[in-house]
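Residues per chain, in single letters:
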Amino acid sequence: HSNQIQNMRVLFINPPSVPHNLLERGFALDRPTLRQTVAMPMGILYLGAVLKRDMPDVQIDVCDLALAYRRYADDPERKAGRLGAFIANELRRFSRPDAIGISVLFSTAHKTTLKIAQAAKALWPSIPIIVGGMHATNAAPQLLECEAIDYVCRGEAEASITDMVVSMAVVDKIEPCFASERIPGVVGRYKLSTGKLDACPLIYDLDKIPLPAWDLIPMEQYVSGEASRLRSIDKIEQDREATIVTTRGCPFHCTFCESWTVHGREMRYRSTENVI
């Protein structure tokens, strides 16, 4: 199946974090009620970097619906419409993928993620859709109630992402159903029925994870202007900054945060040399 693998195209989708009811109200009334923060989709950029390393010929697209919604909200000539139509129009900008990954960090994006999955499945009915991220790790049963979602990835995906993509896009079409669920952390309806909700193995040597694939996104739209989390070191206009993640894991027990369910309680660090 080498030809299929070499020509593969993966589409990553970043949903808005604004709650679904406020998104729908904003479109219906032509009056967004909550501003969407724009930040680099770090999970997607790290996963994209791993795929580019392991599968140099893979084509990767990033559909950042958070950025797209911010552009809509900031457009003085915006018109009222429907959230579903907005999502479908944004997805149509991309070529037909072989696999789709939706990264969901926040529970506020749950209902919007269902709508995104349904829109993607309507456009490309045979393409597998997997949902990952903080919220997905903790809401696999609820997400899999949506027929458009084929799998949920629980935990950190860097160790498994390459196997996931190849299995979903190639193996599942040849072998019996549930082939992708042999991969640790990939949960579908088979594992759900057995109650085995495992997670991807943690990577303890963070230096092995490549730098984020910043070339997958239009960097200028993330590092400048009021729409981004710009942090200026000085006043030199040509200077730009980008985010990296230097540690994973958290020993604290904040009641509002579930990041430890993905990254664990034990702290892991990139080496000083690697960060520099």
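Provided above is the structure to which this section pertains.
Rules behind the numbers
Residues numbered from 1 in each chain as written. Predicted model: local features only at pLDDT ≥ 70, side-chain atom pairs only at ≥ 80, totals over all residues. Heavy atoms only, no water. Axes fitted to C-alpha atoms, helices over the stretch in contact; angles between N-to-C directions. Helix = DSSP H or I, 4+ residues; strand = E, 2+ residues; numbered from the N terminus. Parallel < 35°, antiparallel > 145°, perpendicular 65-115°, else oblique. Left-handed = near helix turned anticlockwise from the far one by under 90°. Contact = heavy atoms within 4.5 Å. Nonpolar A, V, L, I, M, F, W, Y, C, P; charged D, E, K, R; others polar. Salt bridge = Lys/Arg side-chain N within 4 Å of Asp/Glu carboxyl O. Buried < 20%, exposed > 50% of the residue type's maximum accessible area, 1.4 Å probe, protein only. Core = buried A, V, L, I, M, F, W, Y, C linked by side-chain atoms within 4.5 Å. 1 Å grid on protein atoms, 1.4 Å probe; cavity = no way out; pocket = protein on both sides within 12 Å on 5 of 7 lines; lining within 4 Å. Points joined across faces, edges and corners; volume = space filled by probe spheres on them.

As for the packing of helix H4 (residues 65-74) against helix H5 (residues 83-91)
Here is step 1 of the chain: Contact pair H4 / H5: the axes reach a minimum separation of 11 Å and the direction vectors enclose 120°. It follows from the interaxial angle that H4 and H5 lie oblique. Where H4 crosses over H5, the handedness of that crossing is right-handed. Of the residues in H5, those touching H4 at Leu65, Ala68, Tyr69, Arg71 and Tyr72 are Phe86, Ile87 and Glu90.
Here is step 2 of the chain: Along the lines of polarity and charge, the residues of the contact of H4 with H5 split into 6 nonpolar, no polar and 2 charged.

Overview of the pattern of salt bridges
Here is step 1 of the chain: Counted under the stated rule, the structure contains 12 salt bridges.
Here is step 2 of the chain: The salt bridge partner of lysine 115 is glutamate 24, with a shortest N-O separation of 2.6 Å. Of the two residues, lysine 115 is situated in helix H6 (residues 110-123) and glutamate 24 in helix H2 (residues 20-29); the sequence distance between them amounts to 91 residues.
Here is step 3 of the chain: Across the pair glutamate 156 and arginine 248 runs a salt bridge, and its minimum N-O distance is 3.4 Å. Of this pair, glutamate 156 sits in the loop between strand S5 (151-153) and helix H9 (161-169) while arginine 248 sits in strand S7 (residues 247-248); the two residues are 92 residues apart in sequence, bridging distant segments of the chain. With respect to class, glutamate 156 is no different from arginine 248; both count as buried.

Re the nonpolar core
Here is step 1 of the chain: Counting 41 residues, the largest nonpolar core has Leu51 and Met164 as the members making the most contacts within it.
Here is step 2 of the chain: At the level of secondary structure, the elements contributing two or more residues to this core comprise strand S1 (9-14), helix H3 (42-54), strand S2 (59-64), S5, H9 and helix H11 (220-223).
Here is step 3 of the chain: In terms of nonpolar packing, the next biggest core, distinct from the first, is built from 37 residues, Val18, Ile102, Ala109 and Leu114 among them.

Looking at empty space enclosed by the protein
Remark: the empty space left among the atoms is shown by a probe the size of a water molecule rolled over them.
Here is step 1 of the chain: With the rule as written, the count across this model stands at 1 cavity of 30 Å³ or more.
Here is step 2 of the chain: There is about 50 Å³ of room inside the largest cavity.
Here is step 3 of the chain: Looking at the largest cavity, the residues that line it are Val10, Phe12, Ala99, Ile100, Gly101, Ile130, Ile161, Val165 and Met168.
Here is step 4 of the chain: Elements that contribute at least two residues to the lining of the largest cavity include exactly S1, strand S3 (99-103) and H9.
Here is step 5 of the chain: Its residues assigned to classes, the lining of the largest cavity shows 8 nonpolar, 1 polar and no charged.

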